[in-house]
Amino acid sequence: MNDHHPGATPPGLDAETETALANVSSALWRVRELLDLLTFKLEEEQALLAVGRARWLGRATYEVELVLEEVRQAELRRAIELGPVTEALELEPTASLREIAEVAPSPWDDVLTDHRNALVTATAEITALAGANRDLLEGSYRAVQEAMGRYAENPEGPTYTAAGAPAAQPAHRLFDQSS
């Protein structure tokens, strides 16, 4: 059982290092909150794509971009807050969160490990959502191209290669041979 009380400095940890670790934790919470919001915005975008609501797709994409900018700013703050921690723990300035957690005193080792695990999980989820959204967008684009192909001069619609991609259609040109 840990006898550490919030606000108390554990043995062997000076108040300045304690404050630096608390600042890093706070910065990491902000990144986690933003990644959660980004996950929501990507799911919102995915729902619009799935039901074919292109009207709001531009707005949803814009909101994803806004959250991404906030994530970049929060990551910058986190990187700045890590400076005093790596210095106090006598680590290289480029030390990873895992490396910092490994040498951080209790309870910060567990706090930083929890943050790291949550960030890894959130990143994997966001990567999967972004990939699924990209696939949905590509599928929608192909469907629109096929639909437009039905209204072109070729009433049979587009043909496909062995890989499933639309085959290049011969260009139709009109030449005025009367001159």
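That block above? That's the structure.
Residues numbered from 1 in each chain as written. Predicted model: local features only at pLDDT ≥ 70, side-chain atom pairs only at ≥ 80, totals over all residues. Heavy atoms only, no water.

1. Considerations on the packing of aromatic side chains
Next, step 1: In the structure shown here, the tally under the stated rule is zero aromatic pairs.
Next, step 2: Here the basic side chain of R32 rests over the ring of W29, its NZ or CZ set 4.2 Å away from the ring centre. (Phe/Tyr/Trp six-rings, centres within 6.5 Å; stacked < 30°, edge-to-face > 60°. Lys NZ or Arg CZ within 6 Å of the ring centre and 35° of its normal.)

2. A closer look at helix α2 (residues 57-88)
Next, step 1: For α2, with 32 residues, the first-to-last C-alpha span of 47 Å sits near the 46 Å given by 1.5 Å per residue.
Next, step 2: The principal kink in α2, of about 30 degrees, is found at L82, preceding the proline P84 by one to four residues.
Next, step 3: Those residues of α2 not exposed but buried are L57, A60, E63, V64, V67, V71, A74, R78, E81, L82, V85 and T86.
Next, step 4: Of the residues trailing α2, E90 is marked for its positive phi of about 60 degrees. (Helix = DSSP H or I, 4+ residues; strand = E, 2+ residues; numbered from the N terminus. Expected span 1.5 Å × (residues − 1). Bend = angle between axes of the 7 residues up to and from the residue. Buried < 20%, exposed > 50% of the residue type's maximum accessible area, 1.4 Å probe, protein only.)

3. With respect to the pattern of salt bridges
Next, step 1: Here the structure, examined in full by the defined rule, presents eight salt bridges.
Next, step 2: One salt bridge in this structure joins R30 and E70, with 3.0 Å as the shortest N-O distance. You can see R30 sitting in helix α1 (residues 15-51) and its partner E70 sitting in helix α2, a full 40 residues away along the chain.
Next, step 3: Overall, the relative accessible area of 35% leaves E70 in the partly exposed class.
Next, step 4: With a closest N to O distance of 3.8 Å, R77 and E81 form a salt bridge. Here R77 pairs with E81, and both are found in helix α2, just four residues apart, close to one helical turn.
Next, step 5: When its relative accessible area of 19% is taken as the criterion, E81 is described as buried.
Next, step 6: Residues participating in the shared-partner salt-bridge network are K41, E44, R59 and E63. (Salt bridge = Lys/Arg side-chain N within 4 Å of Asp/Glu carboxyl O.)

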